[in-house]
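Remarks on the overall topology
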Amino acid sequence: MTPDRALQLTGLLLFALGSNLPLGYLRETSRKFSFRWFLLIHLSIPFIIVLRLTLDFGWTVIPFTLACAVIGQIAGSRIRRRQL
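These notes cover the structure that comes with them. Positions within a chain are numbered from 1, following the residues in the order the chain's sequence is written. Under the rules for a predicted model, residues below a pLDDT of 70 receive no local features and side-chain atom pairs below 80 are neither given nor counted, while totals for whole chains, interfaces and linings still include all residues. Think of the side-chain values as coming from all heavy atoms in the structure, minus any hydrogens and water.

What follows covers the packing of aromatic side chains. Here the aromatic set is Phe, Tyr and Trp, taking the six-membered ring for Trp, and pairing holds for ring centres within 6.5 Å; pairs whose planes are under 30 degrees apart are stacked, those over 60 apart are edge-to-face, and all others are tilted. Following the criterion strictly, the structure yields 3 aromatic pairs and no others. The interplanar angle of 85° and the centroid separation of 5.0 Å between the aromatic rings of W37 and F38 together place this pair among those described as edge-to-face. Judged by relative accessible area, which is 12%, W37 ranks as buried. Relative accessibility thresholds used throughout: buried, under 20% of the residue-type maximum; exposed, over 50%; partly exposed, between the two (1.4 Å probe, protein chains only). Classification of F38 by relative accessible area gives partly exposed; the value is 38%. As a reminder, the over-ring test applies to NZ of lysine and CZ of arginine, requiring each to be within 6 Å of the ring centre and within 35 degrees of the ring normal. Against the face of F57 rests R5, its NZ or CZ located 3.9 Å from the ring centre.

Written out as structure tokens, the structure reads:
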């Protein structure tokens, strides 16, 4: 992998993580399994897909982007819980 490609992958993964931090934070205030709860969980996915396709990454990076999105959701909800 070239350094440019590695930088693009890092940006994609940071986007997946960073965009899910505020969504996880807001999700913590929603009633579990409500429409808003599902929306906040899935809202970043289309943007991550578009970015992945724009940067021409294949299916092999999906587990990593998914893991970063889940970590962002969990971290955001923990930040919210810690503030209460």
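Turning our attention to a nonpolar patch on the surface. Residues F15, F35, L39, L43 and F47 make up a contiguous nonpolar surface patch of roughly 520 Å² in combined accessible area. Mapped onto the secondary structure, F35 falls in helix α2 (residues 35-42). Since its relative accessible area comes to 67%, F35 is described here as exposed. Patch definition: residues above 30% relative accessible area lacking any salt bridge, with like charges linked at up to 9 Å and the nonpolar side chains Val, Leu, Ile, Met, Phe, Trp and Tyr linked at up to 5 Å. Per-residue and other accessible areas were derived by the Shrake-Rupley procedure at a 1.4 Å probe size, with only the shown protein chains allowed to occlude residues. Criterion for a salt bridge: a side-chain nitrogen of Lys or Arg within 4 Å of a carboxyl oxygen of Asp or Glu. Every helix listed is a DSSP run of H or I at least four residues long, and every strand listed is a run of E at least two residues long, numbered separately from the N terminus.

Here we take up the pattern of salt bridges. If you walk through the whole model with that rule in mind, you get 1 salt bridge. A salt bridge links R81 to E28; its shortest N-O distance comes to 3.2 Å. Within this pair, whereas R81 is found in helix α4 (residues 62-83), its partner E28 is found in the loop between α1 (3-27) and α2, the two being separated by 53 residues in sequence.

Relative to each other, α1 and α4 sit at 35°, their axes nearing to 6 Å. Between α1 and α4 lies a crossing of right-handed hand. Split into classes, the residues belonging to the contact of α1 with α4 amount to 13 nonpolar, 8 polar and 2 charged. In this analysis, axes come from line fits to C-alpha atoms, helices being fitted only over the stretch in contact, and the angle between any two N-to-C directions falls in the range 0 to 180 degrees. By convention the crossing between two helices is left-handed if the near helix lies anticlockwise of the far one by an angle smaller than a right angle, and right-handed if it lies clockwise. Polarity classes work like this: nonpolar for Ala, Val, Leu, Ile, Met, Phe, Trp, Tyr, Cys and Pro, charged for Asp, Glu, Lys and Arg, and polar for all others, with Gly in that last group.

Given a relative accessible area of 47%, R81 falls into the partly exposed group. In sequence terms R81 and T29 are 52 residues apart; their C-alpha atoms lie 9.4 Å from each other. Polar contact is the term for a pair of N or O atoms within 3.5 Å; when the atoms are in protein, one must be able to donate a hydrogen and the other to accept it, and sequence-neighboring residues count only if both atoms are side-chain atoms. Reaching out from R81, the side chain makes a polar contact with the side chain of E28 at a distance of 3.2 Å.

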